[in-house]
Each structure stands twice: as structure tokens, then as C-alpha cells.
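The chain contents come next:
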Amino acid sequence: GGQGTLSVVVRNYGDGLRIVLSQDVTERERSEAMRRDFVANVSHEIRTPLTVLNGFIETMANLPLTEVERRRVLTLMGQQSERMQTLVSDLLMLAQIEGSPRPTADHWCRMSDVLQRIENDAKGLSQGRHEFTSTISPAHTVVEIAGVESEWLSAMGNLVSNAIRYTPEGGHIGVAWRTLPDGSGEFSVKDSGIGIDAEHIPRLTERFYRVDGSRSRDTGGTGLGLSIVKHVVQRHGGELRITSEKGKGSIFTLTVPVARVRLKPL
Ligand code: ADP
């Protein structure tokens, strides 16, 4: 099959001649190659911490260690197993999202609850190293958005944990919800962090794509966060927009197609 060109091919599959379009073949080959890449990436991501763990096990088995050394090794082992645990839960999240039906119109979640949960998690992750603000506008409104709460939580939570992980101590992270006049809305996360070069932005939502692999891993990243975000948003009919400036910070915005609003009771 030619690279993306459309041509007619006659093939004998054993039960008679068939005419096929060679682009179908190319498409199938491409998705097969993507699947292989994915499996290779996952294997690599699991093998690395396992290799490190095995090294530590060998050390503990063969060397007489002081109590202090023993504790140090156990801490390092814990970090590696935690890394694998995060990876597996991100993989399960991806599989779950891909395997479940599209959200229907009777799923709603309350924005203030989502923001509350996200803020709590963020504070735990930041450990007081960042300043946070969170706003809902227009003010004094109760907002419900259409969609599955666990999915929106995961998408919005991922953006906030990224903001924390890619923003140095003392930085600012602003989380905002804005209801638009047409009944849709936007959720955005703005950080004053390391920022991203323009050339990387189009590829950020690819599975395991990282701008700086070692930094991402050191801060607990799996390389799957933004691909989960993109999936969730697409399933709900919205989109992910990214603007960033290297060294200055980034803004990640999720558009949410349907929101209903009422005034907060006085
Ligand atoms: P990871 O687990 O590596 O953070 P993601 O899919 O969440 O994986 O993000 C992909 C890459 O995008 C990250 O490795 C990082 O290089 C970049 N990135 C994501 N969010 C930010 C941010 N807020 N600031 C700077 N870079 C970011």
C-alpha cells in the first residue's frame, strides 16, 4: 500500500477475488504500528523501575547494611514501586475511558464540588510550595456541567497536578471556571511555571510524549496525563487548548459544551 494514497487493489483472500482500497491497508498498518509502539512504551516504562528495584533487592540481600542505609534503600524502593503503581492506575483509567460508552445527557456534576476536590488534592501535592487561586465566574452562581464526574475530575485534576509539577516553588497556580453566554463554559489552569516551547505543544497529548523525560519522571509523571485529558474532553464534545511561553508559564483550557447555571441562593 502506498503512503496514504488511494488506489484500488485486487486481492485473492482464498474465497474469491476482492477489490480493496489500499488506503484501508495503510490505515490498518498505521494503527497496528501505534499499538506496537504503545506496548513497547509501556514495557519500557515498567522495566526501568523493575530493574532499579532488582538492583536494590540484590544490594539488600548481599551487603551488610547499617540501619540508616537499610532505611534509605527501602525509601528508594518505595519510590520505584509507587512509580509503577501510578503508571498502572493511569493505564487503567485510559482503558476504562476508552471502553465505556459516551456520556449521555443525564450525567451532571457540580462545578463547586469538582473544584473543591481538585483544590484539596492540589494542596496535598504542593505541600505549601505554591500559591493557589480558584474562581467561578460569573460570581454567586451554582454551575453544573454535563458529563461524568469521575472523568471530569480526572481531566481537570491532571491539569492541576501538571501545573504543580512544572512550576517551581513560590509560583502561582490559578484555576478558573467561566460560564459563557451560549450555555457552554471553560475550565482553565494557569501556571507561572517552566512553560513549553511552541514546537512541542502539538505533540503533548500523545501517549508517553514528554518534553523532558527525566524531569517528568522525577516529579512522578507517567507521560499519560494529557492523553487522558484529551480523551475525556473529546468524549464530552469539548476541546483542549494550550498556550504557553517558555520560562513564563502555561494556560491549559478545557471547553465544556454544556453547562447549566443558577444564582446561588442568598
Ligand atoms: P507527564 O506525566 O510527563 O507530566 P503529561 O501527558 O501530563 O505527562 O504531559 C506531557 C508533557 O507535557 C510533560 O512531560 C511536560 O513536558 C509537558 N507539560 C505538561 N503540563 C505542563 C505544564 N503545566 N508546564 C510545563 N510543561 C508541561
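What you see is a predicted model; the values in this text were computed from it and never measured.

Concerning the sheet that holds strand β8 (residues 240-245)
- Strand order in the open sheet formed by five strands is β4-β6-β7-β9-β8, and the pairing between neighbours is mixed. The open sheet has two edge strands with one neighbour each: β4 (131-137) and β8. The sheet shows a mean angle of 10° between the axes of neighbouring strands, taken without regard to direction.
- Strand direction decides the pairing type here: strand β7 (residues 185-191) and strand β9 (residues 249-256), joined by seven bridges, are antiparallel. The residue of β9 that forms the bridge with Lys-190 is Ile-251.
- Across the sheet, helix α3 (residues 111-126) is in contact with β4, β6 (172-179) and β7; its angle to β4 comes to roughly 175°.
- Relative to the sheet, helix α6 (residues 225-235) contacts β8 and β9, its axis offset from that of β9 by approximately 25°.

What about the packing of aromatic side chains?
- Applying the stated criterion across every chain yields a total of one aromatic pair.
- Against the face of Phe-38 rests Arg-207, its NZ or CZ located 4.5 Å from the ring centre.

Considerations on the nonpolar core
- Counting residues in hydrophobic clusters, the biggest one holds 45 residues, and the most contacted among them are Met-111, Ile-145, Trp-152, Met-156, Phe-187 and Leu-254.
- The biggest single contributor to this core is helix α4 (residues 149-165), with eight residues.
- Excluding anything up to four places from it in sequence, Phe-187 contacts Met-111, Leu-115, Ile-118, Met-156, Leu-159, Val-175, Ala-176, Trp-177, Phe-252, Thr-253 and Leu-254.
- Formed by five residues, the second largest nonpolar core is a distinct cluster that contains Phe-56, Val-73, Met-77 and Met-84.

Notes on the environment of Val-261
- Within the fold, Val-261 resides in strand β10 (residues 259-263).
- Residue Val-261 is classed as partly exposed on the basis of its relative accessible area of 39%.
- On a C-alpha basis, the gap between Val-261 and Thr-141 in space is 6.4 Å, while along the polypeptide they are 120 residues apart.
- When neighbours within four sequence positions are excluded, Val-261 is seen to be in contact with Thr-141, Val-142, Val-143 and Thr-179.

Some words on the environment of Leu-125
- Along the polypeptide, Leu-125 turns up in helix α3.
- Given the relative accessible area of 38%, Leu-125 is considered partly exposed.
- Put simply, Leu-125 and Lys-264 are 139 residues apart on the chain and 30 Å apart in space, counted from C-alpha to C-alpha.
- Ignoring any residue separated from it by four or fewer positions in sequence, one finds Leu-125 in contact with Ser-161 and Ile-164.

Rules and cut-offs
- Residues numbered from 1 in each chain as written.
- Predicted model: local features only at pLDDT ≥ 70, side-chain atom pairs only at ≥ 80, totals over all residues.
- Heavy atoms only, no water.
- Pairing = 2+ DSSP bridges.
- Helix = DSSP H or I, 4+ residues; strand = E, 2+ residues; numbered from the N terminus.
- Axes fitted to C-alpha atoms, helices over the stretch in contact; angles between N-to-C directions.
- Contact = heavy atoms within 4.5 Å.
- Phe/Tyr/Trp six-rings, centres within 6.5 Å; stacked < 30°, edge-to-face > 60°.
- Lys NZ or Arg CZ within 6 Å of the ring centre and 35° of its normal.
- Core = buried A, V, L, I, M, F, W, Y, C linked by side-chain atoms within 4.5 Å.
- Buried < 20%, exposed > 50% of the residue type's maximum accessible area, 1.4 Å probe, protein only.

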